[in-house]
Amino acid sequence: MNDDISIIWGRVEQLFKHKYQTMYWIEVYNDRFDDTYNFFFYAKEKFGRQRSIPLHTVKNYHLEHLEGIIDELKKRTQLTIKFGGFDKLYWPKSQKLIQRKASEVE
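So, here's what we can say about the structure. (Residues numbered from 1 in each chain as written. Predicted model: local features only at pLDDT ≥ 70, side-chain atom pairs only at ≥ 80, totals over all residues. Heavy atoms only, no water.)

## Some words on the packing of aromatic side chains
One pair of aromatic rings is described through two measures. These are the centre distance and the angle between the planes. Considering all chains together, one arrives at eight aromatic pairs under this definition. The interplanar angle of 70° and the centroid separation of 5.7 Å between the aromatic rings of Tyr29 and Phe40 together place this pair among those described as edge-to-face. Note that Tyr29 is positioned in strand S1 (residues 22–31) and Phe40 in strand S2 (residues 36–45), a separation of eleven residues in sequence. By relative accessible area, which is 28% here, Tyr29 ends up partly exposed. Classification of Phe40 by relative accessible area gives partly exposed; the value is 21%. For the ring pair Tyr37 and Phe86, a centre distance of 5.9 Å and an interplane angle of 15° mean the geometry is stacked. Residue Tyr37 is found in strand S2, and its partner Phe86 is found in the segment after strand S4 (80–84); the two are separated by 49 residues along the sequence. Summarising the burial analysis for this pair, Tyr37 and Phe86 share the class buried. (Phe/Tyr/Trp six-rings, centres within 6.5 Å; stacked < 30°, edge-to-face > 60°. Helix = DSSP H or I, 4+ residues; strand = E, 2+ residues; numbered from the N terminus. Buried < 20%, exposed > 50% of the residue type's maximum accessible area, 1.4 Å probe, protein only.)

Take a look at the structure:
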């Protein structure tokens, strides 16, 4: 987990620019076909296009591992973290629902 979090956090630090009138967030997608979790960094300026930048692919396909990564990210940043492809799944430790409603794409 330490390698995954250091890679993700290092890339987030490089991409986060503190620009005026720009929204930033992180999205995590559950890739059920490849058994991986994919992290993306999003940025959208007020009148600009939304940009999606791949951060990292976590190959350890266990929710316990992912929950540890998410907990560490929440400690380090106040960016919003959104989830996709986690319908009807719960975090192993906290037993909270991961994704409240399915996205438009799902």
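Here the narrative resumes.
## Details of the nonpolar core
Phe39 and Leu66 are the most contacted members of the largest nonpolar core, which has 24 residues in total. Counting residues per element, the ones that place at least two in this core are helix H1 (2–15), S1, S2, strand S3 (50–58), helix H2 (63–76) and S4. Counting residues per element, this core draws most heavily on H2, which supplies five residues. (Core = buried A, V, L, I, M, F, W, Y, C linked by side-chain atoms within 4.5 Å.)

## Things to note about the side chain of His56
By secondary structure assignment, the location of His56 is in strand S3. For His56, a relative accessible area of 16% translates into the label buried. Separated by 2.8 Å, the side chains of His56 and Asp4 make a polar contact. His56 has contacts with Asp4, Ile7, Ile8, Arg11, Tyr37, Asn38 and Phe39, leaving out every residue within four places of it along the chain. (Polar contact = N/O pair within 3.5 Å; in protein donor to acceptor, adjacent residues only side chain to side chain. Contact = heavy atoms within 4.5 Å.)

## Some points on H1
Helix length check: H1 (14 residues) gives 20 Å between terminal C-alpha atoms against 20 Å at 1.5 Å per residue, within 8%. Looking only at H1, the buried set comprises Asp4, Ile5, Ile8, Trp9 and Val12. Down the axis of H1, the buried set is contained in an arc of 115°. They therefore lie on one face. For H1, the exposed residues lying more than 90 degrees away from the buried face are Asn2, Asp3, Glu13 and Gln14. On its buried face, H1 sits against S1, S2, S3 and H2. (Expected span 1.5 Å × (residues − 1). Arc of directions from axis to C-beta.)

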